[in-house]
Amino acid sequence: MSSAAPTNPFSRPRGTRRRSRALVPTLVILGVLGVLFAVFTSFWTDRLWYISLDRLDVFTTTLLTKVGMFVAFALLMAAAVVVNAVAAYRLRPRYRPMSVEQQSLDRYRDALDPVRKWVIGGLALFTGLMAGGSAASEWTTYLQWRHGGDFGKKDPVFGLDISFFVFDYPWYRFLVGFGFALVVVGLLVALVTHYLYGGIRLQTVGDKVTAGAQAHLSLLVGLFVLLKAVAYWLDRYGLLTSDHSLTNGFTGATYTDLNALLPANTMLAAIALVCALLFFANVVRRSFTLPVIGLGLLILSAILLGGVWPAIVQQFQVKPSEPQRAATPITRNIAATRDAYDLSEVKPESYKAATKATPAQLKGEAETIPGVRLLDPNVVSPTFQQLQQVRQFYQFPDPLDVDRYTVNGQTRDVVVAVRDVDVENIAEGQRSWVNEHAIYTHGYGFFAALGNRTNSDGRPLFIEDGNGNGDLGAYQQRIYFGENSPSYSIVGAPKGASPMEYDVPDAATKTTYGGTGGVPVGSLFNKLLFAAKFQEGNILLSNLVNADSRILYDRHPRDRVEKVAPWLTVDGDPFPAVVDGKVLWIVDGYTTLDDYPYAQRVSLETATQDTRVIRQNVAGQPQRTVNYVRNSVKATVDAYTGEVKLYAWDPNDPVLKAWEQVYPDAVAPKSAITPDLLQHLRYPQDLFKVQRELLKSYHVTDPGVFYGGQERWVVPDDPSASGTANQPPYYLTLKTPGSSNVEFSLTTAFTRQQPPNLASFMAVDAEATSPDYGTMRVLELPSESQTIQGPGQVANAFETDQKIANATLALRNSGARTAEGNLLTLPFGGGFLYVQPLYVERSAGTGRYPLLRLVFVSFGDRVGVGDNLRLALDDLFGSGATTAPQTGTGGTGGGSGGGTGGTGGTGGATIQKNLASALAAAQQAFADAEQAQREGRWADYGAALTRLQQALDQAAKLGGVSASASPKASGTP
């Protein structure tokens, strides 16, 4: 009787084991397919994006360059692995001596031999991918080397054109570095293979290295030393862009570099070349004696010539007389730096600033002030938000921007912004994919308020109210591409269907996008791609995505310019303008370099940081150093269609010329800029901030004074903000001493290191239509003069002055929160006038926003305060001493051609009393309107608004200006 075999309760059925073994390969294949699909999705959607902008050439040129470099260098690295591994294997000894070492290695050889080709192939693939990725990242270096032309200027040491250092040298360094990587990887592969197969015997009696291994390794070491000879030779040129601690940071070749390291590198290159030849000879001679002696000589020479000798020269020749030894390098550094940053023509003018002025001087000076911009774009964003937001899902940027517009025949400084959509502020119960990506798709309206005037209660005076009502004419109000646009929106309703996109802010009006921007997304294939790209299944499943739909993404103006021109460094603060019936974002683009000989390197991030960048929504520059900057391109982005246009602003820039060779149709000529667009182009802030960072030291051209450092300036901290961040530069319309014209300028102040008195004032003509555009004027106070206070000291004077304390006491005691606006510095009356607005808002609660209430002024050691600029100047210099125009009751003065009169003028007590009564009536009417709105009493709401308008009209009449409900009328000077 037979019995059944016992069953193992822990064993698995054979089919289960087969399925488990198949699971891992299946998961691997699915993972690989997923990665490939993600790569394809990114590639194809980017291609569609460039096609939508008619810039496919940028995509293909960049892609082909990267792919070409990836493949070429990946193959080189893979070949180095395979060739050296195969060569070492074939050179293995036929017979290996019996030893413990070889017996131990037999186990590894036996395990490796069946999969040897797979191991070599895998290693080649891995190193090739790594090398290819590294090489592809150098695509800009290759293209600049391939297309770069001459600068027409020569370096002071070798007499070579600057193009060699900025275009050729970086590429040669990359090739040498990659050559070292090839040789080192090949050497490591050869060493491991030779050891594993007996070519190298560390523990065996007799020859440690076989003849074949010796020849192979000698060849590789010889190549390494030969590359070292080339590196030493290139290092000679690199001295002109090396960094040193001299003068707290110095770029260029020092006395020690030129007199010790330069000849040392030349000699080391020669010694390395001889050493390399000895290793090559060892392939035939088969003796390591001479090559090792040569290598030892090279190492010893590198220590003595490259280290000891320069240290001796520095210690015993340079240090005892460093100012004299450093004179020539410093002179070259100053000249190169000023040239590289376009500062060659900047020459400080001596300005003996007065601290007192006669009434006659003040009257004359006051008449030349066309408009002191008191509306601070860094403060009033909440004011725009509360007055013009209309719906909770609209948003104004913070900070706002400054531009110029012609109002009643006069060019005026204005604070501008667009009202963008902010899907984060959609009511919680209405948050859905449909609302966020198909309904609330765009912003609406452009806003512009006079920079030097406010309404009677301190509100901005709008010359454009965002609905096309104002002085700017008709234009496309819808903002589909902005700084706060959603990550993506799907627009375009089916033909014949009702529009779905929310549109006009003051009514439940819907619209359908009619522009050419975005990518068609109606096909099933495109739906699938974009559903994967944004990880959103609704794109694939929703019936809102139809044959006419377009998807808008990469919508920030800065991002769009960076993608269209990846070779540009883009300014951190685009600004909107109404141009030729469109809202255009204007973006400045820079060409930069890091290898300009002798030019001082500067960190873009450090140089451009200030309170506007740190505290608010302004993009900072990346953490990288440059030593050459040109504002070579002006770019625009259409806020409705997303169209990007590039214009060659500096067509003589050699770097721009090189990139125009790479992308022939990418940049339009300067002549293509329309007259209307030219009116709004301005000198860019980031370039100005980099230049002022350099001018802290490089306003000095005497090498002895530069070395001493006593004349270095400091960019003052922003006194209107807490912390120690730099004060931002300010756009102002002013007249600098020695100039016959009033110019729109970008300005900054410099102080001395200690004490922080004012050292100088700098202004650059920022008006693109001016023949003096880009001209910098630096008013330098004599070094022996320490009488003019700097911005920080003036802010302290404002804070501690009893008269100002009395003026602000009632405001602060009422529980309101006060905020100081931008502290402006401007030449005035033979000295410097400081002007600062004070804003007031409720300290807590919703619906609060800052209103301009007071103006502080300072001249010399005196301060003044008033409800507007005229009253403040009268308080400072005496009643009637100035003729600065006043614009509105309680408003801010300073506009040329502005109205006169008002509460601080010659009006009597009756006017004051009637004005106070009118303002009280307006305040009560406003409160009644708010209460009626909350309770839904719309008839009472309308009656209260009528009383409010009547009271404001009466107040405006008493103040000497006309007021109206329309923004156009209220903005008329």
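Treat the numbers as computed from the prediction; the structure is a model and nothing was measured.

**Describing the overall build of the protein chain**
So, step 1. On a plain count of helices and strands, the protein chain comes out with 29 helices and 33 strands.
So, step 2. Out of the 973 residues belonging to the protein chain, those deemed buried represent 52%.
So, step 3. Partitioning the intrachain contacts of the protein chain with sequence separation of at least 6 by distance along the chain shows that 68% fall at a separation of at least 24.

**Observations regarding the pattern of salt bridges**
So, step 1. Taken as a whole and judged by the stated rule, the model has 26 salt bridges.
So, step 2. For the salt bridge of Glu424 with Arg431, the shortest nitrogen-to-oxygen distance reads 3.7 Å.
So, step 3. Residue classification places Glu424 among the exposed positions, given a relative accessible area of 55%.
So, step 4. The class of Arg431 is partly exposed, set by a relative accessible area of 28%.
So, step 5. Ionic pairing is found between Arg612 and Asp573, a salt bridge with its closest N-O pair at 2.8 Å. Of this pair, Arg612 sits in helix H19 (residues 611–615) while Asp573 sits in the loop between strand S17 (569–570) and strand S18 (575–579), and the two are 39 residues apart along the sequence. Assigned by exposure class, Arg612 and Asp573 land together as buried.
So, step 6. A single salt-bridge network, built from bridges that share partners, covers Asp243, Asp594, Asp595 and Arg601.

**Re the pairing of strand S16 (residues 550–553)**
So, step 1. As judged from the four bridges shared by strand S12 (residues 488–491) and S16, these two strands associate in the antiparallel manner. For Tyr488, the partnering residue across the bridge sits in S16 and is Tyr553.
So, step 2. Pairing analysis gives two bridges linking strand S15 (residues 519–520) to S16, with the strands arranged antiparallel. Considered in S16, the bridge of Val519 is made with Ile551.

**Considerations on the sheet that holds strand S6 (residues 410–418)**
So, step 1. An order of S5-S6-S9-S10 is seen for the four strands of this open sheet, with the pairing classed as antiparallel. What marks the edges here is a single partner per strand, and that holds for strand S5 (401–407) and strand S10 (460–465). Between one strand axis and the next, the sheet turns through 40 degrees on average, direction left out of account.
So, step 2. As paired strands, S5 and S6 are joined by seven bridges and run antiparallel to one another.

**Quick look at the packing of helix H7 (residues 211–238) against helix H8 (residues 255–285)**
So, step 1. Where H7 meets H8, the axes come as close as 8 Å, and the angle between the chain directions of the two elements is 165 degrees. Relative to H8, H7 is oriented roughly antiparallel. Crossing of H7 against H8: the hand is left-handed.
So, step 2. Residues of the contact of H7 with H8, tallied by class, amount to 19 nonpolar, six polar and three charged.

**A short note on the packing of aromatic side chains**
So, step 1. Counted under the stated rule, the structure contains 58 aromatic pairs.
So, step 2. Their ring planes at 50 degrees and their centres at 5.0 Å tell us that Tyr513 and Tyr640 sit as a pair that is tilted. Of this pair, Tyr513 sits in the loop between strand S14 (510–511) and S15 while Tyr640 sits in the loop between strand S22 (628–638) and strand S23 (644–648), and the two are 127 residues apart along the sequence. Like Tyr640, Tyr513 is buried.
So, step 3. With a centroid separation of 5.7 Å and an interplanar angle of 55 degrees, the aromatic rings of Tyr683 and Tyr773 are classed as tilted. Taken together, the residues Tyr683 in the loop between helix H21 (675–678) and helix H22 (685–698) and Tyr773 in the loop between strand S27 (758–765) and strand S28 (776–780) connect sequence positions 90 residues apart.

**Digging into the environment of Trp145**
So, step 1. Topologically, Trp145 is positioned in helix H5 (residues 139–147).
So, step 2. Classification of Trp145 by relative accessible area gives partly exposed; the value is 30%.
So, step 3. Between the alpha carbons of Trp145 and Phe167 there is a distance of 4.7 Å; along the sequence they are 22 residues apart.

**Let's talk about H5**
So, step 1. Every buried residue of H5 is accounted for by Trp139, Thr141, Leu143 and Gln144.
So, step 2. Buried residues along H5 sit against helix H2 (56–90), helix H4 (116–136), helix H6 (162–196), strand S19 (582–593) and helix H20 (654–662).

**Details of the confidence of the model for the protein chain**
So, step 1. In the predicted model, the protein chain carries a mean pLDDT of 86, and the fraction of residues at 70 or more is 87%.
So, step 2. Here residues 885–909 scores under 50 on pLDDT; set against residues more than four positions off or in separate chains, the count is 80 contacts.
So, step 3. Overall, residues 960–973 carries pLDDT values under 50, and its contacts beyond four positions in sequence, including any with other chains, amount to 36 contacts.

**Some points on the side chain of Asn265**
So, step 1. The residue Asn265 is located in helix H8 in this model.
So, step 2. The exposure class assigned to Asn265 is buried, which follows from its relative accessible area of 8%.

**Here's the deal with a nonpolar patch on the surface**
So, step 1. On the surface, Leu23, Val24, Leu27, Val28, Ile29, Leu30, Val32, Leu33 and Leu36 cluster together into a nonpolar patch covering about 860 Å² of accessible area.
So, step 2. Its location among the elements puts Val32 in helix H1 (residues 14–52).

**Quick look at helix H26 (residues 869–877)**
Helical geometry note: an α-helix holds 3.6 residues per turn, so side chains three or four residues apart project in the same direction.
So, step 1. With eight of nine residues buried, H26 lies mostly within the body of the structure.
So, step 2. With a side-chain oxygen lying 3.2 Å from the backbone nitrogen of Arg870, the N-terminal cap of H26 falls on Asn868.
So, step 3. Immediately downstream of H26, the backbone of Gly878 shows phi near 110 degrees, a positive value.

**Description of the packing of H2 against H4**
Between two packed helices, what matters for the description is the angle formed by their axes and the separation of those axes.
So, step 1. Between H2 and H4, the least distance of the axes is 7 Å, while the angle of their chain directions is 145 degrees. In this structure, the crossing between H2 and H4 has a hand that is right-handed. For the pair formed by H2 and H4, the contact residues are Lys66, Met69, Phe70, Phe73, Ala74, Met77, Ala78, Val81, Val82, Ala85 and Tyr89 on the first element and Arg116, Ile120, Leu123, Ala124, Thr127, Gly128, Leu129, Ala131, Gly132, Gly133, Ala135 and Ala136 on the second.
So, step 2. Across the contact of H2 with H4, the residue classes break down as 17 nonpolar, four polar and two charged.

**Considerations on the sheet that holds S12**
So, step 1. Overall, antiparallel pairing links the three strands, which are arranged S12-S16-S15 in an open sheet. One side of each edge strand has no neighbouring strand; the edge strands of this open sheet are S12 and S15.

**A look at unusual backbone geometry**
Peptide bonds are, in most cases, trans, and in most cases residues other than glycine have a negative phi.
So, step 1. With an omega of 10 degrees, the peptide bond running from Asp398 to Pro399 counts as cis.
So, step 2. Going from Gln754 to Pro755, the amide bond is cis rather than trans, its omega being -10 degrees.
So, step 3. As for its placement among the helices and strands, Pro755 is situated in the loop between strand S26 (743–752) and S27.
So, step 4. Even without being glycine, Asp54 reaches a positive phi, approximately 60 degrees.
So, step 5. When you line up the elements, Asp54 lands in the loop between H1 and H2.
So, step 6. The phi torsion at Asp580 lies on the positive side, around 50 degrees, for a residue other than glycine.
So, step 7. By secondary structure assignment, the location of Asp580 is in the loop between S18 and S19.
So, step 8. Among the residues examined, Asp580 registers a relative accessible area of 45% and is labelled partly exposed.

**Quick look at the environment of Ala327**
So, step 1. Residue placement: Ala327 occurs in helix H11 (residues 327–340).
So, step 2. According to the relative accessible area criterion, Ala327 is partly exposed, its value standing at 24%.
So, step 3. Sequence spacing of Ala327 and Thr254 is 73 residues, and the spatial spacing of their C-alpha atoms is 9.5 Å.

What counts, and where the lines are drawn
Residues numbered from 1 in each chain as written. Predicted model: local features only at pLDDT ≥ 70, side-chain atom pairs only at ≥ 80, totals over all residues. Heavy atoms only, no water. Helix = DSSP H or I, 4+ residues; strand = E, 2+ residues; numbered from the N terminus. Buried < 20%, exposed > 50% of the residue type's maximum accessible area, 1.4 Å probe, protein only. Contact = heavy atoms within 4.5 Å. Salt bridge = Lys/Arg side-chain N within 4 Å of Asp/Glu carboxyl O. Pairing = 2+ DSSP bridges. Axes fitted to C-alpha atoms, helices over the stretch in contact; angles between N-to-C directions. Parallel < 35°, antiparallel > 145°, perpendicular 65-115°, else oblique. Left-handed = near helix turned anticlockwise from the far one by under 90°. Nonpolar A, V, L, I, M, F, W, Y, C, P; charged D, E, K, R; others polar. Phe/Tyr/Trp six-rings, centres within 6.5 Å; stacked < 30°, edge-to-face > 60°. pLDDT = per-residue confidence, 0-100. Patch = residues over 30% accessible without salt bridge, like charges linked within 9 Å, V, L, I, M, F, W, Y side chains within 5 Å. Areas by Shrake-Rupley, 256 points an atom, 1.4 Å probe, with all protein chains shown as cover. Polar contact = N/O pair within 3.5 Å; in protein donor to acceptor, adjacent residues only side chain to side chain.

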